[in-house]
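Coordinate analysis (summary)
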Amino acid sequence: ADIKNIVHKDVVTDKLRLNQVLLNILGNAVKFTRPGGNIYFKVRELENAEEGYAKYEFRIKDTGIGMSSEFIEHIFEPFTREQTATVSGIEGTGLGMSIVKNIVDMMNGTISVKSRQGIGTEFTVILQFKVSDQPVKKEMEALARPEQTENVRQEKNLEDLFQGKRILLVEDDLLNQEIAVELLKEAGFILDTAEDGIIAVEKMQKARPGQYDLILMDIQMPIMDGYEATRQIRKLENPEIANIPIVAMTANAFEEDRKNALASGMDGHLAKPIEVTKLIETLAEILE
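Right, let's walk through the structure included here.

Rules of the game
Residues numbered from 1 in each chain as written. Predicted model: local features only at pLDDT ≥ 70, side-chain atom pairs only at ≥ 80, totals over all residues. Heavy atoms only, no water. Helix = DSSP H or I, 4+ residues; strand = E, 2+ residues; numbered from the N terminus. Buried < 20%, exposed > 50% of the residue type's maximum accessible area, 1.4 Å probe, protein only. Areas by Shrake-Rupley, 256 points an atom, 1.4 Å probe, with all protein chains shown as cover. Axes fitted to C-alpha atoms, helices over the stretch in contact; angles between N-to-C directions. Parallel < 35°, antiparallel > 145°, perpendicular 65-115°, else oblique. Left-handed = near helix turned anticlockwise from the far one by under 90°. Contact = heavy atoms within 4.5 Å. Phe/Tyr/Trp six-rings, centres within 6.5 Å; stacked < 30°, edge-to-face > 60°. Lys NZ or Arg CZ within 6 Å of the ring centre and 35° of its normal. Polar contact = N/O pair within 3.5 Å; in protein donor to acceptor, adjacent residues only side chain to side chain. Pairing = 2+ DSSP bridges.

When helices and strands are tallied, the protein chain shows 10 helices and 11 strands. Counting across all 288 residues of the protein chain, residues that qualify as buried make up 47%. A total of about 15,600 Å² of accessible surface is found on the protein chain, and carbon and sulfur atoms cover 49% of it.

Where helix H6 (residues 197-206) contacts helix H7 (residues 226-234), the axes come no closer than 9 Å and their chain directions differ by 15 degrees. Viewed along their axes, H6 and H7 adopt a mutual orientation that is roughly parallel. Seen from above, H6 lies across H7 with right-handed handedness. Only Ala229, Gln232 and Ile233 of H7 make contact with H6, whose side of the interface consists of Gly197, Val201 and Met204.

Attention now goes to the environment of Leu279. Checked against the element boundaries, Leu279 lands in helix H10 (residues 276-287). Taking the relative accessible area as the measure of exposure, Leu279 reaches 6% and is therefore buried. C-alpha of Leu279 to C-alpha of Val247: the two residues are 32 residues apart in sequence and 9.9 Å apart in space. Non-local contacts of Leu279, meaning those with residues more than four positions away in its chain, are made with Leu184, Leu216, Leu270 and Ile274.

What follows is about the packing of aromatic side chains. Taken as a whole, this structure holds two aromatic pairs when the rule is applied. The ring of Tyr53 is capped by Lys130, whose NZ or CZ atom sits 5.9 Å from the centre of that ring.

On to the side chain of Thr33, then. Locating Thr33 in the fold gives a position in the loop between helix H1 (15-31) and strand S3 (39-46). Looking at Thr33, its side chain comes within polar contact range of the main-chain oxygen of Ala29, at 2.6 Å. Not counting chain neighbours up to four residues away, the residues in contact with Thr33 comprise Asn38, Ile39, Asp62, Thr63 and Gly64.

Across the sheet, five strands lie side by side as S8-S7-S9-S10-S11; this open sheet has parallel pairing. Of all the strands in the sheet, the pair left with one neighbour each is strand S8 (190-194) and strand S11 (268-271). When the angles between neighbouring strand axes are averaged without regard to direction, this sheet yields 20 degrees. Sheet analysis places strand S7 (residues 166-170) next to strand S9 (residues 214-218), joined by four bridges and oriented parallel. Considered in S9, the bridge of Val170 is made with Met217.

Pairing analysis gives eight bridges linking S3 to strand S4 (residues 53-62), with the strands arranged antiparallel. Its bridge partner being in S4, Leu46 is matched across the sheet by Lys55. The antiparallel pairing of S3 with S4 creates a hairpin that spans six residues between the two strands, and Gly52 there sits at a positive phi of about 85 degrees.

Purely geometric numbers; function is a separate question.
Printed below as a string of structure tokens:
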């Protein structure tokens, strides 16, 4: 680690989310760097900050397996992972960085990446925080900038709405499933999963009323697709279980898919790759 030119040591920021950004990037650096490799973490304060603010550059560089230029164009999209023999034996969500990008955007910052296969990867995150001339109060830690007050208030309302709500995620692709679980847990949900429509129906047959608040249902599954699984759930004897909100996840955004989802008894429709903002908006609308 290397810290340079740090003039302002006390700032007002969201400590939790800053840690999430840095630990997520560092975690991937560790995961994809072979034994004997190196990881560098540098922080420096930049000079072009606005009045009353301090701007910082966080640079994380590794000598790991690197990424192709084609994959870098999609690295910040949800549900993406580079398919190479090199990483096929590594568990986890791989290089899906959509959560990091979402947090950095929320904090009005920027994130960029440079990488070469077999050489390594370097992430650069730039964030600007309000300078604090006194000990930071807990109630201010959530504010990266004064103008974010309303955004933070809205986010707090969503956290209250989502906290403890239980989702059954029906998704046959285990990588997509793992990324979706991480996204939803970050929002406050409690997750259960099913790898096929048949399993989803069985879980709902055994579920007690109120066990799940919502189902996210993939459509294209090999044994029983999402449409049929929804029809089976809607026929269950207990109306509290049968009428649970169900949101479709399909591979495209064609109007036909939306109509098929509604015709099968679903309450909403999301196109893959899932946009985090759209996902949150849809869940909030249904749960409210």
